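Here is how the chains run, residue by residue.
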Amino acid sequence: MRPLASRSGSQILRTFLPEQTVDLRGDIYQVTEWSAPIPIEVDTDLVRRHLLGEIAAWAVKDNDNGMSGELHRNVPIEVVELDDRRGVTVERYPKVWLCRVCKRIGRSKEQACRCGQRGKWGQLHFVGIHDCGAIEEPWIPRCKEHDDVKVVIPKSAKAADISFVCPTCGKQTMKGLGFNRPCGCGAGTMRWNVHKARTVYTPRGTVLINPPRPEHREGLKLAGGARKALVWVVEGLTADRPADVSSKQTRDEFLEKLIADGMDPSFAEQMAAMAEQGGQLAKPGEHPIDRLSGHRRETAEREAADIAMALAESRLPTTKLGGSGVGGALATRYRDSYPAALARAGVAGLDLVDRFPVLNAMYGYTRGDDDPAKCRLIPFRRNRGGYRLYGNLAETEAFLIRLDPLRVATWLSGRGHQLSGWKAGDQDEVAARVAVLESAVVPSKRDDPSDGSPGTDLLKLVHTYAHRFIRQTAVFSGIERDALSEYLLPGHLAFFVYAGAKGDFVLGGMQAVFESNLDDLMHTFVDAEHRCPLDPGCDRGSGACSACVHLGEPSCRFFNRFLDRGVLFGQGGYLRIRPEE
């Protein structure tokens, strides 16, 4: 099979997916498959849970092609990555052959054109699509008398302005590309557009933290599971890992560990009863997290487990800098300047993760309208049943930034929000974190950003902070802005900023900033210009635009929504609150 071109893995992940049309060497092709892709070892339960959240907007409108129901029935899921040696298989599409010389429409690319040219066949670059996911080639009527037709493309290049005429007699055979042509699904007509238009094919994907080795997730289970991870996070990550947290296990966690170690279940029950009677197990309500309601607790534990998995391979907090091998001015900087700069920026902790395990995975596509209520999700399926995700698993460097819980709680209270279990002036950081988890329901990326709820305000704060931080980090690290991405955990007042593993001159840039001038970065974050070149228009609108806060699509998973500079710098903004308040 003849190779046509070479592309990077990251390009292929978004622009060479099954059924997607691509331009190669001046011709148009459609991807038929990834040739013998390589399976990626993933936690399928984790992937399934994330998928259910990602497709919820389509599922609620019954536009998910039954994917939600099948995921709940535990159909198989596989994640694959590109085999660089085999690549991607493509075929010419649409097969509407256009002479590059005289613009005639031919019947076959193997025949010579009537103008005498041979081997000069291009393609008409328009296709018809429908919200159901269908794609069709245009059907071009020929002159009945001369069995010939050519295209006349105006400068506007709109499908409606295209006309087809007979090259011999000049008679028009069709105007446009077949308006009111019904789709085979029976639910409307086809719409015509350039094959590379976003409405023709919109990839749908997700990003999740995936442990590079399964033993890390098993280790978390044995250490106390998601509850222990949640205790670890709300206590400020003061211990190195969840296993080092002194919190007692619950009865269920203790039982699971005994049975996992091979103990007979009935004997394990007896052991658990004895441990409970002896006061060795956690009692209901013993820790502040036990006050969380069911769904809030489940979400908080899931995100805490994400943090634990991300830090399982490596973690270096700023408090661990300045060991025995560091002295002089650098040691003074670590001891004095770093904590002061972080506190000024409202950061409770910043960690360097030099092996951040992130999985980018594409699970399907849509055609037509971007609104899930108006388009149908087309998931990628396995030949043997179930679903296939096309992905890229990488280990790269990242920062974990955790905002000051007391400052966040004070800021939310100042905006008129009531936090259950916490009031202004309280100095208990654990209580503040738990109160935010209970009181702030974080919206999804497609919800209304103007509803004014505690969760919406919290998401705006964390998201806007992450965008401004990425913009400043790109300058200090020398990394291109679009090579940095976010992973938000707003319920825990935290976010990761990670570098694209395959970007040029990327790896090591974040570590250099962390070890040499992180304090300068944080001071610049606070002091750099916060006004927008497009003010007052931007400020009167959403408070965020491409000139001040927005990031490129690969960097932002929230479509540049839930952003507002006012949450940081406006009246009562997060960075306007002094630490002593």
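See the structure above.
Throughout, residues of each chain are indexed from 1 in the direction in which the sequence is written. Local features in this predicted model are restricted to residues of pLDDT 70 or higher, and side-chain atom pairs are both shown and tallied only at a pLDDT of 80 or more, whereas totals for entire chains, interfaces and linings draw on every residue. The basis for the side-chain values is all heavy atoms of the structure; hydrogens and waters are excluded.

(A) View of the overall build of the chain. Strands are runs of DSSP state E lasting at least two residues, helices are runs of H or I lasting at least four, and both sets are numbered from the N terminus onward. Looking only at helices and strands, one finds 17 helices and 21 strands in the chain. A total of 581 residues make up the chain; the buried ones form 51% of that total. Long-range pairs, those at least 24 residues apart, make up 71% of the contacts in the chain between residues at least 6 apart in sequence. Only the protein chains shown count as cover for residues, and the accessible areas themselves come from Shrake-Rupley with a 1.4 Å probe. When the accessible surface of the chain is summed, it comes to about 26,900 Å², and 48% of that surface belongs to carbon and sulfur atoms. When the 78 basic and 75 acidic side-chain charges of the chain are each reduced to a single mean position, those positions are 9 Å apart. Each residue is placed in one exposure class: buried if its accessible area under a 1.4 Å probe, protein chains only, is under 20% of its type's maximum, exposed if it is over 50%, and partly exposed if it falls in between. Residues are treated as being in contact if the distance between any of their heavy atoms lies within 4.5 Å. His residues and chain termini do not enter the charge count, which takes Lys and Arg as positive and Asp and Glu as negative. Charge positions come from single atoms, namely NZ of Lys, CZ of Arg, CG of Asp or CD of Glu.

(B) How the structure looks around the sheet that holds strand β5 (residues 88-92). The rule for pairing is simple: two strands pair if DSSP sees at least two bridges between them. The strand order across the open sheet built from three strands is β1-β2-β5, with neighbouring strands paired in antiparallel fashion. Of all the strands in the sheet, just β1 (21-24) and β5 have a single pairing partner and so form its edges. Sheet twist, expressed as the mean angle between neighbouring strand axes with direction ignored, is 50°. Two elements, strand β2 (residues 27-34) and β5, share five bridges in a ladder whose sense is antiparallel. Within β5, the residue paired with Gln30 across the bridge is Glu91. Simply put, an axis is a line fit to the C-alpha atoms, just over the touching stretch for a helix, and the angle between two N-to-C directions goes from 0 to 180 degrees.

(C) Layout of the nonpolar core. In this description, a nonpolar core means a group of buried Ala, Val, Leu, Ile, Met, Phe, Trp, Tyr and Cys residues linked to one another through side-chain atoms lying within 4.5 Å. Membership of the largest hydrophobic core comes to 59 residues, with the highest contact counts inside it found for Leu350, Ile401, Leu403, Tyr465, Phe469 and Met522. When residues in this core are grouped by element, the largest group, nine residues, is from helix α13 (residues 454-477). Excluding anything up to four places from it in sequence, Ile401 contacts Val347, Gly349, Leu350, Tyr465, Phe469, Leu493, Ala494, Phe495 and Val497.

(D) Structural context of the packing of helix α10 (residues 328-344) against helix α15 (residues 518-527). Remark: α10 packs on α15, axes separated minimally by 8 Å, with the N-to-C direction vectors making an angle of 20°. The angle between α10 and α15 places the two elements in the roughly parallel class. Relative to α15, α10 is oriented so that their crossing is left-handed. Contacts from Arg333, Ser337, Tyr338, Ala341, Leu342 and Arg344 in α10 reach Leu518, Asp519, Asp520, Met522, His523, Val526 and Asp527 in α15. For the contact of α10 with α15, the residue count by class is six nonpolar, two polar and five charged. Should an angle lie under 35 degrees it is considered roughly parallel, over 145 roughly antiparallel, and from 65 to 115 roughly perpendicular; all remaining angles are considered oblique. In a left-handed crossing the near helix is turned counterclockwise from the far helix by less than a right angle, and in a right-handed crossing that turn is clockwise. Side-chain classes are defined by residue name, with Ala, Val, Leu, Ile, Met, Phe, Trp, Tyr, Cys and Pro counting as nonpolar, Asp, Glu, Lys and Arg as charged, and the others, Gly among them, as polar.

(E) Expanded view of the packing of aromatic side chains. Under the pairing criterion, centres of Phe, Tyr and Trp rings, with the six-membered ring standing for Trp, must be within 6.5 Å; the plane angle then separates stacked pairs below 30 degrees from edge-to-face pairs above 60, leaving the rest tilted. Under the definition given, this model contains 16 aromatic pairs. Between Tyr334 and Tyr338, the aromatic rings sit 5.2 Å apart at their centres with planes inclined by 70°, giving edge-to-face as the arrangement. Of this pair, Tyr334 and Tyr338 both sit in helix α10, four residues apart, which is roughly one turn of the helix. The same class applies to Tyr334 as to Tyr338, namely buried. Between Phe380 and Tyr390, the ring centres sit 5.2 Å apart and the planes meet at 85°, which makes this aromatic pair edge-to-face.

(F) A look at the side chain of Asp64. Relative to the helices and strands, Asp64 resides in the loop between α3 (56-59) and α4 (67-72). Buried charge without a salt bridge: Asp64, with Arg376 as the nearest opposite-charge side chain at an N-O distance of 5.9 Å. Whenever two N or O atoms come within 3.5 Å, that pair is a polar contact, provided that in protein one can donate a hydrogen and the other can accept it, and provided that, for residues adjacent in sequence, both atoms are side-chain atoms. Polar contacts involving the side chain of Asp64 include one to the main-chain amide nitrogen of Ser68, which spans 2.8 Å. Other than its neighbours up to four places away in sequence, Asp64 contacts Ile55, Trp58, Ala59, Leu377 and Pro379. Salt bridges are defined by distance alone: a side-chain nitrogen of Lys or Arg within 4 Å of a carboxyl oxygen of Asp or Glu.

(G) How the structure looks around helix α2 (residues 44-54). Buried within α2 are the following residues: Leu46, Val47, Arg48, His50, Leu51 and Glu54. With a side-chain oxygen lying 3.1 Å from the backbone nitrogen of Asp45, the N-terminal cap of α2 falls on Asp43.

(H) Quick peek at the pattern of salt bridges. A full pass over the atoms with the stated rule returns 39 salt bridges. Between Asp244 and Arg241 there is a salt bridge, with its nearest N and O atoms 3.4 Å apart. Given a relative accessible area of 39%, Asp244 falls into the partly exposed group. Here the residues in one salt-bridge network are Arg104, Arg107, Arg114, Arg142, Asp147 and Asp148, joined through shared partners.

(I) Inspection of the sheet that holds strand β13 (residues 172-175) at higher detail. The three strands are arranged β11-β12-β13 in an open sheet whose pairing can be described as antiparallel. A strand with exactly one partner marks an edge of an open sheet, and here the two such strands are β11 (150-152) and β13. If you compare each strand with its neighbour and ignore which way they point, the axes differ by 25° on average. Strand direction decides the pairing type here: strand β12 (residues 163-165) and β13, joined by three bridges, are antiparallel. Its bridge partner being in β13, Phe164 is matched across the sheet by Met174.

(J) Inspection of unusual backbone geometry at higher detail. Cis peptide bonds are those with omega within 30 degrees of zero, and the linkage from Tyr93 to Pro94 qualifies with 0°. Of note, the bond from Asp535 into Pro536 is cis; its omega dihedral lies within 30 degrees of zero at 10°. Position of Pro536 relative to the elements: it lies in the loop between α15 and α16 (537-540). We note that Leu237 has phi near 55°; this positive angle belongs to a residue other than glycine. On the secondary structure map, Leu237 appears in the loop between α6 (225-234) and α7 (251-260). At Phe562, a residue that is not glycine, the phi angle is positive and equals roughly 55°.

(K) Structural view of α6. Counted residue by residue, α6 has nine buried out of 10 residues, so it is predominantly covered. What α6 keeps buried is the set Gly225, Arg227, Lys228, Ala229, Leu230, Val231, Trp232, Val233 and Val234. Just downstream of α6, Gly236 is the residue with a positive phi angle, here 90°.

(L) Layout of the packing of α6 against helix α12 (residues 429-439). Axis separation between α6 and α12 bottoms out at 9 Å; the angle between their running directions is 120°. Compared by their axis directions, α6 and α12 come out oblique. Contacts between α6 and α12 pair Leu230, Val233 and Val234 from the former with Val430, Arg433, Val434 and Leu437 from the latter.

(M) Focus on the environment of Ala57. On the secondary structure map, Ala57 appears in helix α3. Residues Ala57 and Ser444 lie 387 residues apart in sequence; the distance between their C-alpha atoms is 9.2 Å. Excluding its chain neighbours within four sequence positions, the residues that come into contact with Ala57 are Pro372 and Arg446.

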